[in-house]
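Each chain, written out:
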Amino acid sequence: MPERRSASWFGLDGKLGFVHRSKLYNRGGSPEMFDGRPVIGIASSASDLAPCNAHLRQVAEAVKRGVLMAGGVPMEFPTISIGETLMRPSAMLFRNLMAMDVEETLRANPLDGVVLLGGCDKTVPAQVMGALSVDLPTVMVTGGPALNGRFRGEAVGSGTHVWKFSEEVRAGRMSACEFRSAEACLSRSAGHCTTMGTASTMACVTEALGLSLPGSATIPAVDAGRARIAEQAGQRIVAMADEGLAPSRFLDRRSFENAVRVNAAIGGSTNAVVHLLAMAGRAEVDLALDDFDRLAADVPLLVDLLPSGRFLMEEFHDAGGLPAVIRELGDLVDGAAMTINGRTLAENCADAPNWRPEVVRSRKDPVAPPGSHTAVLRGNLAPDGAVLKLSAASPELTRHTGPALVFDTIEDYDAQKDSPELPVTPDTVLVVRNAGPVGYPGMPEIGNLAIPKKMLDQGVRDMVRITDGRMSGTSYGTVVLHVAPEAAAGGPLALLRSGDRVTLDVPARRLEMDVPEAELTARASGSADSFKKAPTRGAGWAGLYRSQVNQADTGADLDFLTGRRGHAVPRRPF
Ligand code: FES
Ligand code: MG
């Protein structure tokens, strides 16, 4: 066994060792803390401001029990947390900040391994990104989904039903009072969103990567099984510290390919595209935007969950969770990929039962056929790519040409969307730009623009929408997202004008504006045009973020944070 990293702190004689050890006796600990057993960090993103993660305090207690059982020393510490529902201007603005916090805290402290505790959307990729750059033995434990929401005797899903209900209110089919009464009904227990939104997606793809214990992603937050798997993770990380099983020893290109394929099979969030690209960047694994289209092409949609299907995470867990999906995928995943428990993905899932075949469907009878998941589009509107989630789109709109109606901000759109004067028809292509990483800043989830009132009144429920921002993983609609480069970074989306004809051709993977090249050049150099120069970068975190953030097609990480920087012991502090 190699010398433990923590020995560079606690194994020292003299005043340095004295100081490193002494303070840790202040809660009554025993000298055995320092006898060479592994010191395990528990990186907790518990926060009252991130309601989906608030219960991680209890999960941390279970991890500690496991670490102690296995003979390790648990050290819980807080990380920045990111509450999707509260943070403005966008939780995504802070993902990379949280990743930096996790990375620097791990490297600066006497840790031999870490258990990451996250749940709400960005918290899982942020923690994984930070940990991959450090490359200590790492286990991810997610907080688990909440219990199904219940409203008027029916199951309702996080996010998805909020969007549905708010459209019902705007269409006059639901009262404001009924709408308000649904609020509490949607959040019945601790835990993250119950639909296949970004949190459930990231829990599943992290399990598919082999970074969390098999079967853990779907266990409800309040199920005793959640504490049990956390305890097992605590035991496992101690063994991993002994084995020196860091992510770089098993996390490779095939792990990420598996995650991309699993994301397609579960109908995962478009946000997984950005997060997986950023995570691969940290792990120095070559993964590209086009992989999400190419690798998903032969993968059917197997999991019948909202927003692409009918059920919620509780039913998915009852069915057998992710192992049931991976077993059903068979040769569509590379089962030889290794995982944190020292077994391969195929070994972990070989005997996985499927108790509810109506929830986890077979390859012969899928929810949607192969190639229904991610389309990566290119063209003169998105030279570096854009993303469309096919299972959330209306098939009749996937080949569509219509006039653009362009808004420079989401506030402009909101102010006009209900106006009877809005020059809009069912053919109109709605565009909101300046919603990318630099432009907003932080790439918010404004992409699934509310359908204009005038169209709702005509019974229109979906329209082609285009943005350089994102949309919630719980959303649906024919929405082109993540246009790169974004308008505020000089992308051609900035040159589009209302009235220009835009063509979305998903079968051909094209996204074009019918504007001659010479005209685009003239617009780019014209002073009176709507072309937006990149905004001033500003001060503080947002200023640093704006000046260093990569575009969506490579994961929107900060350019100086990609890659692995390791866990060499830093110099002495005194
Ligand atoms: Fe936290 Fe959806 S708002 S997971
Ligand atoms: Mg979300």
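Predicted, not measured: the structure shown is a model, and the values here were computed from it.

## Some points on the environment of Asn271
Looking at where Asn271 falls in the secondary structure, it is placed in helix α11 (residues 271–283). On the basis of neighbour counts, which here come to 26 C-beta atoms within 10 Å, the residue Asn271 falls in the buried class. Non-local contacts of Asn271, meaning those with residues more than four positions away in its chain, are made with Asp121, Thr198, Arg470 and Gly473.

## Digging into the environment of Gly543
With respect to the helices and strands, the residue Gly543 is situated in helix α19 (residues 540–548). For Gly543, a count of 13 C-beta atoms within 10 Å puts it in the partly exposed group. A sequence separation of 66 residues divides Gly543 from Gly477, and the C-alpha atoms of the two residues are 33 Å apart. Ignoring anything within four residues of it in the chain, the contact list for Gly543 reads Arg537 and Gly538.

## Things to note about the sheet that holds strand β4 (residues 138–142)
The strand order across the open sheet formed by four strands is β2-β1-β3-β4, and the pairing between neighbours is parallel. Either end of the sheet is taken by a strand with one partner, and the two such strands are β2 (73–78) and β4. Each neighbouring strand pair of the sheet contributes to a mean axis angle of 20°, computed without reference to strand direction. Pairing of strand β3 (residues 113–118) with β4 involves five bridges; the strand directions are parallel. The residue bridging Leu116 from the neighbouring strand is Met140, located in β4.

## Thoughts on the domain arrangement of the chain
By domain assignment, the chain separates into domain 1 (1–36), domain 2 (38–148 + 188–349) and domain 3 (374–535). Averaged C-alpha coordinates put domain 1 and domain 3 at centres separated by 57 Å.

Parameters and conventions
- Residues numbered from 1 in each chain as written.
- Chains lettered and ligands numbered in written order.
- Predicted model: local features only at pLDDT ≥ 70, side-chain atom pairs only at ≥ 80, totals over all residues.
- Helix = DSSP H or I, 4+ residues; strand = E, 2+ residues; numbered from the N terminus.
- Buried ≥ 20, exposed ≤ 12 C-beta atoms within 10 Å, placed from the backbone.
- Contact = placed C-beta atoms within 7 Å.
- Pairing = 2+ DSSP bridges.
- Axes fitted to C-alpha atoms, helices over the stretch in contact; angles between N-to-C directions.
- Domains from an automatic or database assignment.

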